[in-house]
Amino acid sequence: MANQPASSRAPRSQEGSFITAGSVLEGKLAFAGPTMLSAHLKGDISTDSLLVVEAGAVIEGNVSGTVIIVHGEIKGSVSASETIEAWPGCRLEGRAYAPSMRVEEGANILADLLIAPQQPADWFSPVEDPASTPAIAAPHAPVARPTPPFVNTMFSPPEKSVSGS
């Protein structure tokens, strides 16, 4: 095997990819192995491993991977089979799913978060924008009752009783 030319070797999935700053890519991209992105990418991105979105990187589309570490910006649905880490200065807009999520102080999360053991089948389905839907209630919709105010009785002083004698 040592005498065979390098081109005949099977690719190793852990070699990884790096897309540098200043690059602008558009389309559906799939990576094998750890991936570091510093570019502006428009479209869906998937990797079978770690994905690091560097500071200054912008991704507009759905993102999926095993572990997703965000220092840059993602606009779209994010799905990690293990964990998502949001670091100071990052921005997530859209939806984010992972069994585990770490959010550091200074991270900007403007997303619907789902932290659960299983990902819903319709996770990448488009989310209906409530601003675009008319505000007409369905005739059969139940009437919402106002929520009573919360009263914390655990730390309230006991009421004084008035004795009749």
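Structural data are supplied above this passage.
Values in this document were obtained by computation on a predicted structure and should not be read as measured data.

Q: What exactly am I supposed to notice about the nonpolar core here?
A: Generally speaking, soluble globular proteins have nonpolar side chains that are buried together. With 24 residues, the main nonpolar core has Leu 37, Ile 59, Ile 68, Ile 74 and Ile 84 as its most contacted residues. Those elements that place two or more of their residues in this core are strand 7 (50–53), strand 9 (63–70), strand 10 (73–86) and strand 11 (91–98). Ranked by residues supplied to this core, first place goes to strand 10 with 5 residues. Leave out the neighbours within four places in its chain, and Ile 68 touches Leu 51, Val 63, Val 78, Ser 79, Ala 80, Thr 83, Ile 84 and Glu 85.

Q: Is there a simple way to think about the pattern of salt bridges in this case?
A: Pairing between side chains becomes possible if they bear opposite charge and their charged atoms approach one another. Taken as a whole, this structure holds 3 salt bridges when the rule is applied. Lys 75 serves as the salt-bridge partner of Glu 73, at 3.3 Å between the closest nitrogen and oxygen. You can call Lys 75 partly exposed: its relative accessible area is 35%. Two residues, Glu 104 and Arg 102, come together in a salt bridge whose shortest N-O distance is 2.6 Å.

Q: Would you mind going over the environment of Val 70 with me for this structure?
A: The topology assignment puts Val 70 in strand 9. Relative accessible area serves as the criterion here: at 0%, Val 70 is assigned to the buried category. Distance from Val 70 to Arg 91, taken between C-alpha atoms, is 7.9 Å for residues 21 residues apart in sequence. With residues up to four places along the chain from it excluded, the contact list for Val 70 reads Val 53, Glu 85, Ala 86, Trp 87, Cys 90 and Leu 92.

Definitions and limits used
Residues numbered from 1 in each chain as written. Predicted model: local features only at pLDDT ≥ 70, side-chain atom pairs only at ≥ 80, totals over all residues. Heavy atoms only, no water. Core = buried A, V, L, I, M, F, W, Y, C linked by side-chain atoms within 4.5 Å. Buried < 20%, exposed > 50% of the residue type's maximum accessible area, 1.4 Å probe, protein only. Helix = DSSP H or I, 4+ residues; strand = E, 2+ residues; numbered from the N terminus. Contact = heavy atoms within 4.5 Å. Salt bridge = Lys/Arg side-chain N within 4 Å of Asp/Glu carboxyl O.

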